[in-house]
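Residues per chain, in single letters:
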Amino acid sequence: MIGLYAVTDDCAPSPPAPLRTVTANGLAFVCGPAGTDDCSPERLWEHERVIERLMEKSDLLPVRYGTRAPDEAAAAQVLRERHAELADALEGVRGAVELSVRAVGQAAATLPPSEAQTGAAYLRARAREAAERASAAGSVHEPLAQLARASTRRPGRGDGDLLRAAYLVDRNLIVRFAGRVADIQAARPELRLLCTGPWPAYSFSRHE
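The rules behind each value
Residues numbered from 1 in each chain as written. Predicted model: local features only at pLDDT ≥ 70, side-chain atom pairs only at ≥ 80, totals over all residues. Heavy atoms only, no water. Helix = DSSP H or I, 4+ residues; strand = E, 2+ residues; numbered from the N terminus. Buried < 20%, exposed > 50% of the residue type's maximum accessible area, 1.4 Å probe, protein only. Contact = heavy atoms within 4.5 Å. Areas by Shrake-Rupley, 256 points an atom, 1.4 Å probe, with all protein chains shown as cover. Lys, Arg positive; Asp, Glu negative; His and termini not counted. Charge placed at Lys NZ, Arg CZ, Asp CG, Glu CD. Arc of directions from axis to C-beta. Core = buried A, V, L, I, M, F, W, Y, C linked by side-chain atoms within 4.5 Å. pLDDT = per-residue confidence, 0-100. 1 Å grid on protein atoms, 1.4 Å probe; cavity = no way out; pocket = protein on both sides within 12 Å on 5 of 7 lines; lining within 4 Å. Points joined across faces, edges and corners; volume = space filled by probe spheres on them. Nonpolar A, V, L, I, M, F, W, Y, C, P; charged D, E, K, R; others polar. Disulfide = S-S within 2.5 Å.

Engineer: Please clarify how the overall build of the protein should be interpreted in this entry.
Structural biologist: Along its length, the protein carries 5 helices and 9 strands. Overall, the protein shows an N-to-C arrangement of helices and strands of β-β-β-α-β-β-α-α-β-α-β-β-α-β. In terms of overall dimensions, the protein has a C-alpha envelope of 70 × 35 × 30 Å along the principal axes. Counting every position in the protein, which comprises 208 residues, the buried fraction comes to 40%. Pairs at least 24 residues apart make up 72% of the contacts formed inside the protein by residues separated by at least 6 positions. Summed over all atoms, the accessible surface of the protein reaches about 11,300 Å², with 52% contributed by carbon and sulfur. Counting 26 positive and 27 negative side-chain charges, the protein places the centres of these two groups 4 Å from one another.

Below you can see the structure in the form of structure tokens.
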């Protein structure tokens, strides 16, 4: 049993030991010892660190932690059977990385105490609040999406969580993207923006 880390080109630099590559039809799996079934945070971060080191030198499709193949022959067979799908997905992220942005803040619309007595007033206030949240999220997301090849938004984790989004950004635009985040933060001081990355393009690697 072997563990899989990423799909890349078969001409990519050789990974450090104990990792190795299995190649077929111009593609390669970076693989290594399968290890245990432990899903501890330490194991997850170890897997992530390996992929981040690989992405410094190669374009790749990251593989989720715990993905395995019985042996190298089975891994090569996957590359052959899914060649078109994997090659297209790899081409889609070539030269780009994932950047994540989170916007936290409170919507401006709140429920006035005098209106709290009626259901209709409550619904109107909630609608205003939802509109304010959508507007605040859009003011962050839309200018950032203009700099990205693709973007995806994720559900918030609470009332103050206005935006959680990932952006597929060309490597040569990372600095410009970070600058735009800073400009938006300066224009919207009532929000708190957090930009992290570059990360492997998990959100844009639709191959699993």
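Engineer: Would you take a moment to explain helix α3 (residues 83-93) for this structure?
Structural biologist: The complete set of buried residues in α3 reads Leu86, Ala89, Leu90 and Val93. The arc that holds every buried residue of α3, seen down its axis, measures 100 degrees, which confines them to one face. Exposed and oriented more than 90 degrees from the buried face of α3 are Ala84 and Asp88.

Engineer: Please clarify how the nonpolar core should be interpreted in this entry.
Structural biologist: A general tendency of soluble globular proteins is for nonpolar side chains to be buried together. The biggest cluster of nonpolar side chains holds 23 residues, and the ones touching the most others in it are Leu4, Val7, Phe29, Leu61, Ala75, Leu79 and Val93. Residue assignment for this core shows that the elements contributing at least two residues are β1 (2-9), β2 (20-24), β3 (27-33), α2 (72-81), α3 and β8 (161-170). Those residues in contact with phenylalanine 29 that sit more than four places away from it in its chain are Leu4, Ala6, Val7, Arg20, Thr21, Val22, Val63, Ala75, Val78 and Leu79. In terms of nonpolar packing, the next biggest core, distinct from the first, is built from 20 residues, Ala148, Ala165, Val169 and Leu173 among them.

Engineer: When you look at the confidence of the model for the protein in this model, what are you seeing that I'm missing?
Structural biologist: Taken residue by residue, the protein gives an average pLDDT of 88. The fraction at 70 or more is 91%. Here helix α4 (residues 119-145) stands out as the element of the protein with the lowest mean pLDDT, 81, in contrast to helix α5 (residues 174-187), whose mean of 97 is the highest.

Engineer: Quick question: what am I supposed to make of empty space enclosed by the protein here?
Structural biologist: A water-sized probe rolled over the atoms picks out the places where empty space is left. Summed over all chains, the structure comprises 1 cavity of 30 Å³ or more. Reported here for the largest cavity is a volume of approximately 70 Å³. A per-class count over the lining of the largest cavity returns 8 nonpolar, 1 polar and 2 charged.

Engineer: Please explain the state of the cysteines as it appears in this structure.
Structural biologist: By definition, a disulfide links the sulfur atoms of two cysteine residues through a covalent bond. The tally for this structure, following the rule as stated, stands at 0 disulfides. Here cysteine 11 is not cross-linked by a disulfide; its sulfur's nearest cysteine counterpart is in cysteine 31, at 17 Å.

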